[in-house]
Amino acid sequence: MSLSPIGVFDSGFGGLTVLREMVTALPQYDYLYLGDNARTPYGTRSFETVYHYTLECVTYLFDQGCPLVIVACNTASAKALRTIQQRDLPKMRAGLRVLGVIRPTAEVIGNSTRTGHVGVLGTSGTVASESYPIEIGKFFPDVSVHQQACPLWVPLIENNEHQGDGADFFIQKYLDELIAQSSSIDTILLGCTHYPLLMEKIKAHVAKEVTIIPQGKIVADSLTDYLSRHAEMESKLSRNGTRNFLTTDDAAAFDSKARIFYGAGVASRHIAL
Ligand code: DGL
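One structure accompanies this document, and this report is about it. (Residues numbered from 1 in each chain as written. Predicted model: local features only at pLDDT ≥ 70, side-chain atom pairs only at ≥ 80, totals over all residues. Heavy atoms only, no water.)

Among the 13 residues in the neighbourhood of the ligand, the closest are listed as Ser11, Tyr42, Gly43, Thr75 and Thr193. Contact between the ligand and aspartate 10: a nitrogen atom at 2.9 Å from a side-chain N or O atom of the residue. Glycine 43 has a polar backbone atom sitting 2.8 Å from an oxygen atom of the ligand. Contact with the protein chains covers 99% of the free accessible surface of the ligand, which is 300 Å². For the shell around the ligand, a count of residues per class yields four nonpolar, eight polar and one charged. (Near = heavy atom within 4 Å. Polar contact = N/O pair within 3.5 Å; in protein donor to acceptor, adjacent residues only side chain to side chain. Areas by Shrake-Rupley, 256 points an atom, 1.4 Å probe, with all protein chains shown as cover. Nonpolar A, V, L, I, M, F, W, Y, C, P; charged D, E, K, R; others polar.)

Right, let's get into the sheet that holds strand β6 (residues 144–149). Here four strands make up an open sheet; going across it, the order is β6-β5-β7-β8 and the pairing parallel. The strands lining the two open edges of the sheet, one partner per strand, are β6 and β8 (211–213). If you compare each strand with its neighbour and ignore which way they point, the axes differ by 25 degrees on average. Along the sheet, helix α7 (residues 131–139) makes contact with β5 (117–122), β6 and β7 (187–190), crossing β6 at roughly 160 degrees. (Pairing = 2+ DSSP bridges. Helix = DSSP H or I, 4+ residues; strand = E, 2+ residues; numbered from the N terminus. Axes fitted to C-alpha atoms, helices over the stretch in contact; angles between N-to-C directions. Contact = heavy atoms within 4.5 Å.)

Turning next to the sheet that holds strand β3 (residues 68–71). Pairing within the open sheet is parallel, and its six strands lie in the order β4-β3-β1-β2-β9-β10. At either end of the open sheet lies a strand with only one pairing partner, and these are β4 (97–99) and β10 (268–270). Looking at each pair of strands side by side, their axes are set apart by 20 degrees on average, direction ignored. By the bridge criterion, five bridges tie strand β2 (residues 31–35) to strand β9 (residues 243–247) in an arrangement that is parallel. Residue pairing across strands places tyrosine 33 opposite phenylalanine 245, the latter belonging to β9. With respect to the sheet, helix α4 (residues 81–88) is in contact with β3 and β4, its orientation differing from that of β4 by roughly 160 degrees.

For the rest of this paragraph, the subject is the nonpolar core. Counting 65 residues, the largest nonpolar core has Leu16, Leu19, Met22, Trp153 and Leu227 as its most contacted members. Per-element accounting of this core gives the leading share, six residues, to helix α11 (residues 216–229). Filtering out sequence-adjacent residues up to four positions away, leucine 19 remains in contact with Val8, Tyr31, Tyr33, Phe245 and Tyr262. Ranked by size, the runner-up nonpolar core spans 26 residues in total, among them Tyr42, Tyr60, Leu96 and Val98. (Core = buried A, V, L, I, M, F, W, Y, C linked by side-chain atoms within 4.5 Å. Buried < 20%, exposed > 50% of the residue type's maximum accessible area, 1.4 Å probe, protein only.)

Tracing the sequence through the fold places glutamate 234 in helix α12 (residues 231–234). Leaving out residues up to four positions away in the same chain, glutamate 234 has contacts with Tyr29, Leu227 and Arg239.

Let us look at the pairing of β9. The pairing of β9 with β10 spans three bridges and is classified as parallel. When the bridges of β10 are listed, phenylalanine 245 appears paired with serine 268. The parallel pair β9 and β10 is bridged by helix α13 (residues 251–262), and the resulting crossover is right-handed. (Right-handed = clockwise from strand over helix to strand, strands pointing away.)

Here it is in structure tokens:
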């Protein structure tokens, strides 16, 4: 069967939280997920490195027949997406598209705040890129954006320590550091694919009035809207409801951990880039 799936790329497992929402919203399409587990995490790497890794993975997905690739990784969206869209895509065959997760989130996040103060939690790379304040500022110029890097949250989750008591210390620490920037923050965006797994603990550590926003559903809604406005892309996508998973690291290791992010079992295949 020759497929034209929606490609979904992440540095590792995290993008599965976004894919999960996309397949719920748009189950009819075929999806091909690529996790660059061999080189994860991206959150601590330089712009140059994240750009090269991301370009390699996005190109791979295009070569597998995906006309559309979603970069479901905040760090890669922050550090590589624009360059790929502006510099690399025009040199590739016509009709390919690559979209990220930051812009669709920035387009709506300001609607959730009444105080006009939004907190953004992300990797060190996402925070350093300033992508969220810049993008949110375009849509909601009156909203103040306060950022906090949470470098230990991804390792806690990847090591399956995120539900234990040990996680509470670092959850509290970064949330305190965020709230110390402004006590008016009433909306906190989880600007990293992994953080939805910490939802319950994060809620327990902030005031009841604060709304915590994961971005998977936002990205899925944005994709739905994009496809409704771009018939030329929508008509290219195959619709057999298949989900295929690729990893640059060990497939069995991927499959055993993927469930906590995706909510269902997966059977992945190893690829070498
Ligand atoms: N997927 C990354 C993100 O959303 C988190 C994991 C990593 O640092 O690679 O920023």
